[in-house]
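So the chains spell out like this:
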Amino acid sequence: MARFSQSLIGLLTAATMTASLGATAQAAPKKDFDIAWTIYVGWMPWPYAAEAGIVKKWGDKYGINIKVTQINDYVESINQYTAGKFDGVTVTNMDSLTVPAAGGVDTSAIVLGDFSNGNDGIVLKNGKTIADIKGRKINIVELSVSHYLLARALATVKLRERDIKIINTSDADIVGAFKSPDSTAVVTWNPQLMEVKAEPSTTEVFNSSKVPGEIQDLLVIKTETLKDNPDLGKALVGIWYETLAVMSDTGDKGKAAREAMAKASGTDLAGFDSQLKTTRMFNTPKEAVSFAKSADLVKTMESVRTFCFEHSLLGEGVKSKDAIGIAFPSGETMGRKSNLKLRFDASFMQMAADGKL
């Protein structure tokens, strides 16, 4: 899986420029839409749905054309969405805030697909608890969900980032780096996490199951596009839950679907199912709506935005974590109401739960 915000400060500058250039072009009703996705266990239903004809089925139902496009680089997918090339993108809650929202693009999360429940972890050589991380150099994708997880873990044992040294390492290089004798600590995600845990004398001392619900995987759409084209939201949510019903099937149908998803993501069925075990999928719209309307989501985003502000991820010159407003299905907001740029919109999932798509 590739879920990180590498080089975010530079990316935010570019995103802000492109967003401001595109702000004058108003969205309007249209028929053709393009959704960007990248490889990660919780997002593999999208390419499967396209191959299986589910995307076309729901597009035809609403008289629209939906293209599902793979982007090889996660950061680039968010950058292109923010710049206006795509109508939607698969992205984490944290990156939704730090890239499009911080870049001025009003963005709505219409599918809360899952949260990491052990897919992200901290592994030490010759260490048994998170307290043993003190004084170590940490290989990690800096300014990422891994970085957020590390901060949360350090807080549990009253350590701070000054008590460790971060070595910014790309997700492509992190497994190789950890094989070096000089590397004794790593924070990463699956499938890389599975590989580093297999190294001798290693212990996973903390993982995302300790902070359930905080690292979320979403589908987001430009708010104005959604407002002018509500059928797009209905079709996408319909696609999602029809595909999840197939994927979660316990019989041959589900097995075949997961095998196809596994192959498309570069692993086998056993590897894919192993990653699913550490991913809390919301297989039904009712489950997703319940999570979206919970007080836990508000609490999580408070933690996330605090981390982002403290690490200067909300843009240059931002003097308060309240600079960017966030709206929730409950009607609650945090941050500046006059600058709402990230919206958790459960209305389409609620339609699915009520059988009204």
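Not measured: the values here are computed from a predicted model.

It is not clear to me how the overall build of the chain should be interpreted in this structure. Could you clarify?
Assigned secondary structure in the chain consists of 15 helices and 14 strands. Its C-alpha atoms give the chain a radius of gyration of 20 Å, within 12% of the compact-globule value 21 Å for 357 residues. Here the C-alpha coordinates of the chain stretch approximately 60 × 55 × 35 Å along the principal axes. Counting the 357 residues in the chain, one finds 55% classified as buried. Within the chain, counting contacts between residues at least 6 apart in sequence, those at least 24 apart form 78% of the total. For the chain, the exposed surface amounts to about 14800 Å²; the carbon and sulfur share of it is 50%. Each charge class in the chain can be summarised by its mean position, and for the 41 positive and 41 negative side chains these summaries are 4 Å apart.

Explain the packing of aromatic side chains here, please?
Centre distance and the angle of the planes are the two values used to describe a pair of aromatic rings. For the structure shown, the criterion picks out eight aromatic pairs. With a centroid separation of 5.7 Å and 0° between ring planes, the pair formed by Phe-328 and Phe-344 is classed as stacked. Residue Phe-328 is located in the loop between strand 12 (325–327) and strand 13 (333–334), and its partner Phe-344 is located in strand 14 (residues 340–344); the two are separated by 16 residues in the primary sequence. Accessibility assignment for this pair places Phe-328 and Phe-344 in one class, buried.

In this structure, what is going on with the pattern of salt bridges? I would like to understand it.
Charged atoms that come close allow side chains of opposite charge to pair. Taken as a whole, this structure holds 13 salt bridges when the rule is applied. Its salt-bridge partner being Arg-152, residue Glu-214 comes within 2.7 Å of it at the nearest N-O pair. One end of the pair, Glu-214, is in the loop between strand 9 (202–207) and strand 10 (216–222); the other, Arg-152, is in helix 6 (residues 145–156), and 62 residues separate them in sequence. Since its relative accessible area comes to 27%, Arg-152 is described here as partly exposed. Through salt bridges with shared partners, a single network forms among Glu-302, Arg-305, Lys-321 and Asp-322.

What should I look at first to understand the pairing of strand 1 (residues 32–37) in this one?
Regular strands place side chains that alternate from one sheet face to the opposite one. The element strand 1 is largely enclosed, with a buried count of five among its six residues. Bridge analysis of strand 1 against strand 2 (residues 65–70) gives six bridges, and the strand direction is parallel. In the strand pairing of strand 2, Trp-37 is matched with Gln-70. Bridge count between strand 1 and strand 3 (residues 88–92): two bridges; the pairing is parallel. Pairing of Ala-36 across the sheet is with Val-89, part of strand 3.

Please explain the layout of surface pockets as it appears in this structure.
Picture a little ball the size of a water molecule; that probe, rolled over the atoms, points out where space is still empty. Size it by volume and the second largest pocket reaches roughly 240 Å³. Lining the second largest pocket are 13 residues, and of these Ala-151, Arg-152, Ala-155, Phe-307 and Glu-310 sit closest to its centre. Listing elements by their share of the lining of the second largest pocket, those giving two or more residues are helix 6 and helix 14 (295–310). With five residues, the single largest contributor to the lining of the second largest pocket is helix 6. Residue composition of the lining of the second largest pocket, by class: six nonpolar, three polar and four charged.

Is there a simple way to explain unusual backbone geometry in this structure?
Trans is the common state for peptide bonds, and a negative phi is the common state for residues other than glycine. For the bond from Asn-190 to Pro-191, the omega torsion is 10°, close enough to zero to count as cis. Position of Pro-191 among the secondary structure elements: in the loop between strand 8 (185–189) and helix 8 (192–197). Non-glycine residue Leu-143 carries a positive phi angle of around 60°. In this fold, Leu-143 is placed in the loop between strand 6 (137–140) and helix 6. In this structure, Ser-312 takes a positive phi of about 55° despite not being glycine.

Please explain the packing of helix 5 (residues 93–101) against helix 14 as it appears in this structure.
Between two packed helices, the angle of one axis relative to the other and the distance separating the axes together describe the packing. Viewed as axis vectors pointing N to C, helix 5 and helix 14 meet at an angle of 45°, and their least axial separation amounts to 10 Å. Comparing the axis directions of helix 5 and helix 14 gives the class oblique. Pair helix 5 / helix 14 crosses with right-handed handedness. Listed contacts from helix 14 to Asn-93, Met-94, Leu-97 and Thr-98 of helix 5 are Thr-300, Met-301, Val-304, Arg-305, Phe-307 and Cys-308. Of the residues contributing to the contact of helix 5 with helix 14, the split by class is six nonpolar, three polar and one charged.

Here is what the cut-offs are and how they apply
- Residues numbered from 1 in each chain as written.
- Predicted model: local features only at pLDDT ≥ 70, side-chain atom pairs only at ≥ 80, totals over all residues.
- Heavy atoms only, no water.
- Helix = DSSP H or I, 4+ residues; strand = E, 2+ residues; numbered from the N terminus.
- Rg over C-alpha atoms; globule rule 2.2 N^0.38 Å.
- Buried < 20%, exposed > 50% of the residue type's maximum accessible area, 1.4 Å probe, protein only.
- Contact = heavy atoms within 4.5 Å.
- Areas by Shrake-Rupley, 256 points an atom, 1.4 Å probe, with all protein chains shown as cover.
- Lys, Arg positive; Asp, Glu negative; His and termini not counted.
- Charge placed at Lys NZ, Arg CZ, Asp CG, Glu CD.
- Phe/Tyr/Trp six-rings, centres within 6.5 Å; stacked < 30°, edge-to-face > 60°.
- Salt bridge = Lys/Arg side-chain N within 4 Å of Asp/Glu carboxyl O.
- Pairing = 2+ DSSP bridges.
- 1 Å grid on protein atoms, 1.4 Å probe; cavity = no way out; pocket = protein on both sides within 12 Å on 5 of 7 lines; lining within 4 Å.
- Points joined across faces, edges and corners; volume = space filled by probe spheres on them.
- Nonpolar A, V, L, I, M, F, W, Y, C, P; charged D, E, K, R; others polar.
- Axes fitted to C-alpha atoms, helices over the stretch in contact; angles between N-to-C directions.
- Parallel < 35°, antiparallel > 145°, perpendicular 65-115°, else oblique.
- Left-handed = near helix turned anticlockwise from the far one by under 90°.

Purely geometric stuff here, so don't read any function into it on its own.
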